[in-house]
Amino acid sequence: MVDSEYVLRAATADEHDRFIGLFATAMMFESSPSDLDRELFEPERALVAVDGDDFVGTAKAMSRDLSVPGAVVDAAHVTAVGVRATHRRRGILSALMSRQLREVPEALAILWASESGIYGRFGYAPAAWGVSYEVDLHRVRPRPVDGDAGRIEALSAEEAPAQLGGLLREFQARRPGVSGRSEQVWRGQLQDKPEHRGGRMARQILVHRDAAGAVDGYALWRGKMNWGPTGPANEVAVEELVALAPTAYRALWHYLLTLDLAAKLDYGNAAVDEPLLQLVSNPVALNRRLSESLWVRLTDVPRALAQRRYATAVDVVIEVTDELIEANNGRFRLTGDTEHATCERTDATADLSASVTELSAAYLGGRQLAEFAATGRVVEHTPGALSAATAAFGWPVAPVSLEIF
Ligand SMILES: CC(C)(COP(=O)(O)OP(=O)(O)OC[C@H]1O[C@@H](n2cnc3c(N)ncnc32)[C@H](O)[C@@H]1OP(=O)(O)O)[C@@H](O)C(=O)NCCC(=O)NCCS
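For every chain, the first residue of its written sequence is number 1, and the numbers climb from 1 along that sequence. Per-residue local features are limited, in this predicted model, to residues with pLDDT of at least 70; the limit for side-chain atom pairs, both in listing and counting, is 80 or more; totals at the level of whole chains, interfaces and linings are taken over all residues. Where side-chain values are given, they derive from all heavy atoms of the structure, hydrogens and water being excluded.

- The protein chain appears in an unreviewed UniProt entry as Putative acetyltransferase from Kribbella italica.
- UniProt positions are given in the numbering used here, feature names are shortened, and annotations may be inferred rather than shown by experiment. The Sequence similarities (unreviewed entry) comment attached to the protein chain in UniProt states, word for word, "Belongs to the acetyltransferase Eis family."
- Recorded in UniProt under Subunit (unreviewed entry), the annotation for the protein chain is "Homohexamer; trimer of dimers."

Here's what the structure looks like:
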């Protein structure tokens, strides 16, 4: 163990490679930064802990938007959180998190956690569940696709941002939890560094075109050749599948589930209400598993609550506690419906009490406020307020986070 002081500061543009180098070592992956990675770096949003001349901790936020119930809002996409092994368990992560959360200009921060036990103490909560599939392709029985007047084609990574950008934006309007991508972010996302393929082939980009030739769905996937004792046992890894039209959704999945030579298909980022279940006659062959996906932390409670929309009309006073961000403490009156929302500080008596963690969990409509009443983390003071607020915070479509960032 090294015993020393450290300082926290924002990184500078020329420190990108050192910054990512430290994070890569903490996560145990090989870093090979590209010019595009350097262009996408926002140094003023990248915090570094420095001990002498050494980087010993990192955390950065990316400026991107996120779909939430009824709206698309700016959200700090937090990533590259790492502390050098020689300096762990002495508070560097805590210092990085509390400074970052107090400084983000957005009303919420989001992240994917490497380990479930890390971020709850900072007010983050899992707000979207992810479903992963490990499909046994020898066993699964996909239903046939009827009435598809369109076609499936391959697309190059160069063409993809222009062709798929509008489609993803439209998908954001349909599902909460989806991160937006500028053209440059698309290019970053589609970089296909050989050292990150895990032995799989280069990324394949498929699009479905409707009868008029318009792209109405896409899938990103890779294959891996494998040979088992009884013959070919190739593996198909689906990275992302987005479709706006039911035919596109059915056709793309049918294509991927019926590839010759393949024995297994993996897909990691499905929603809990993923319609794939309906496309096979024996869903048990999908081998589904539930896990935490997107974590949310409201950094400005009234602004965040006013930015989303509500499934049913709501008028409720919530007493909020927040140990980290002082301005979030107090009583706020939330009024809203499917079209608008306001949230303002008030002296009125509270109908409900909750900490910022429970409000963050319920923010995307993927978890119910009432879930937390059972353990006393949400307290109802006015009879009926909990079920009314739970219904309002819910949303007809479950959130999904398509990418681990
Ligand atoms: C996770 C990591 C960033 C923690 O950094 P750190 O500086 O050691 O954390 P801190 O000393 O500030 O710990 C703060 C608290 O979190 C706890 N904690 C730290 N890492 C934890 C983990 N992986 N699981 C559960 N709790 C953890 C600490 O015990 C401490 O608890 P306490 O406040 O009750 O004492 C560091 O261990 C790391 O770099 N791990 C590998 C990379 C990684 O997983 N990064 C996260 C990517 S999402």
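1. Observations concerning the pairing of strand β19 (residues 341-345)
Logical step 1: When DSSP locates at least two bridges between a pair of strands, those strands are taken to pair. Under the scheme used here, helices are H or I runs from DSSP no shorter than 4 residues and strands are E runs no shorter than 2 residues, and both carry numbers assigned from the N terminus. Note that strand β18 (residues 330-336) and β19 share five bridges and pair antiparallel. Residue L334 lies in a different strand from β19, and its bridge partner there is C343.
Logical step 2: Following β18, the chain reverses through four residues before pairing antiparallel with β19.

2. Some thoughts on the UniProt feature "active site" (unreviewed entry) in the protein chain
Logical step 1: Taking the numbering used here, the UniProt-annotated feature "active site" (unreviewed entry) corresponds to Y119 and F405.
Logical step 2: Within the fold, Y119 resides in the loop between β5 (108-111) and β6 (125-126).
Logical step 3: Only protein chains enter the accessibility calculation, which uses a 1.4 Å probe; a residue whose area is less than 20% of its type maximum is buried, one above 50% is exposed, and one in between is partly exposed. Judged by relative accessible area, Y119 falls into the buried class, the value being 5%.
Logical step 4: By definition, residues are in contact when any of their heavy atoms lie within 4.5 Å. The residues contacting Y119, other than those within four sequence positions of it, are V81, M97, L111, A113, Y124 and W295.
Logical step 5: The contact partners of F405, leaving out residues within four places of it in the chain, are M62, R64, H77, V78, T79, I110, L111, W112, S179 and L294.

3. Concerning the domain arrangement of the protein chain
Logical step 1: Here the domain parsing of the protein chain yields domain 1 (7-106), domain 2 (131-291) and domain 3 (299-393).
Logical step 2: Domain borders in the structure are assigned automatically or taken from a domain database. Using only C-alpha atoms to locate each centre, domain 1 and domain 2 end up separated by 30 Å.
Logical step 3: With 17 residues of domain 1 at the interface, the matching set in domain 2 holds 16 residues.
Logical step 4: Here the quantity called buried area is the total loss of accessible area, with a 1.4 Å probe, experienced by two parts when brought into contact, counted for both. The three residues of domain 1 that bury the most area against domain 2 are L36, R64 and S67, which together make up 39% of that side's buried surface.
Logical step 5: Here, a salt bridge means any Lys or Arg side-chain nitrogen found within 4 Å of an Asp or Glu carboxyl oxygen. Our count for the domain 1 to domain 2 interface comes out at one salt bridge.
Logical step 6: Note that K193 is salt-bridged to D37, the shortest N-O span being 2.6 Å.
Logical step 7: Contacts described as polar in this section are N or O atom pairs within 3.5 Å, which, within protein, must combine one atom able to donate a hydrogen with one able to accept it, while residues neighboring in sequence count only if both atoms come from side chains. Between domain 1 and domain 2 we count 14 residue pairs in polar contact (both at pLDDT 80 or more) in total.
Logical step 8: Taken together, the elements giving at least two residues each to the side of domain 1 that touches domain 2 come down to α2 (35-40), β3 (54-68) and β4 (71-83).
Logical step 9: At five residues, the largest contribution of residues to the side of domain 1 that touches domain 2 is made by β3.

4. Regarding the pairing of strand β13 (residues 234-243)
Logical step 1: Among the ten residues of β13, eight are classified as buried, and the element is accordingly described as predominantly covered.
Logical step 2: The pairing of strand β10 (residues 215-224) with β13 spans eight bridges and is antiparallel. The residue bridging W221 from the neighbouring strand is V238, located in β13.
Logical step 3: The path from the first strand over the helix to the second decides the hand: if it runs clockwise while the strands point away from the viewer, the crossover is right-handed. With helix α6 (residues 246-257) bridging β13 and the parallel strand β14 (residues 262-270), this β-α-β connection has right-handed handedness.

5. Some words on helix α1 (residues 16-27)
Logical step 1: The terminal C-alpha atoms of α1, which comprises twelve residues, lie 16 Å apart, in line with the 16 Å expected from a rise of 1.5 Å per residue.
Logical step 2: The complete set of buried residues in α1 reads H16, F19, I20, L22, F23, A24 and A26.
Logical step 3: A positive backbone phi angle near 65 degrees is found at M28, which sits one or two residues after α1. Helix span, expected: 1.5 Å multiplied by one less than the number of residues in the helix.

6. Quick look at the environment of S401
Logical step 1: Following the sequence through the fold, S401 ends up in the segment after α10 (385-393).
Logical step 2: Separated by 272 residues in the primary sequence, S401 and W129 place their C-alpha atoms 8.7 Å from one another.
Logical step 3: If we ignore the near neighbours within four places in the chain, the residues touching S401 are W112, G177, N269, S293 and L294.
Logical step 4: Within the structure, the side chain of S401 is placed 3.1 Å from the side chain of W112, a separation counted as a polar contact.

7. Details of the pattern of salt bridges
Logical step 1: In total, this model carries 26 salt bridges according to the counting rule given.
Logical step 2: Among the ionic pairs, E240 bridges to R181, the shortest N-O distance being 2.8 Å. Taken as a pair, E240 in strand β13 and R181 in the loop between α4 (160-174) and α5 (183-189) lie far apart in primary sequence, 59 residues in all. Grouping residues by exposure puts E240 and R181 together as buried.
Logical step 3: With a shortest N-O distance of 2.9 Å, E183 and R187 are connected by a salt bridge. Of the two residues, E183 and R187 are both situated in helix α5; the distance of four residues between them amounts to about one turn of the helix.
Logical step 4: A relative accessible area of 48% means that E183 is categorised as partly exposed.

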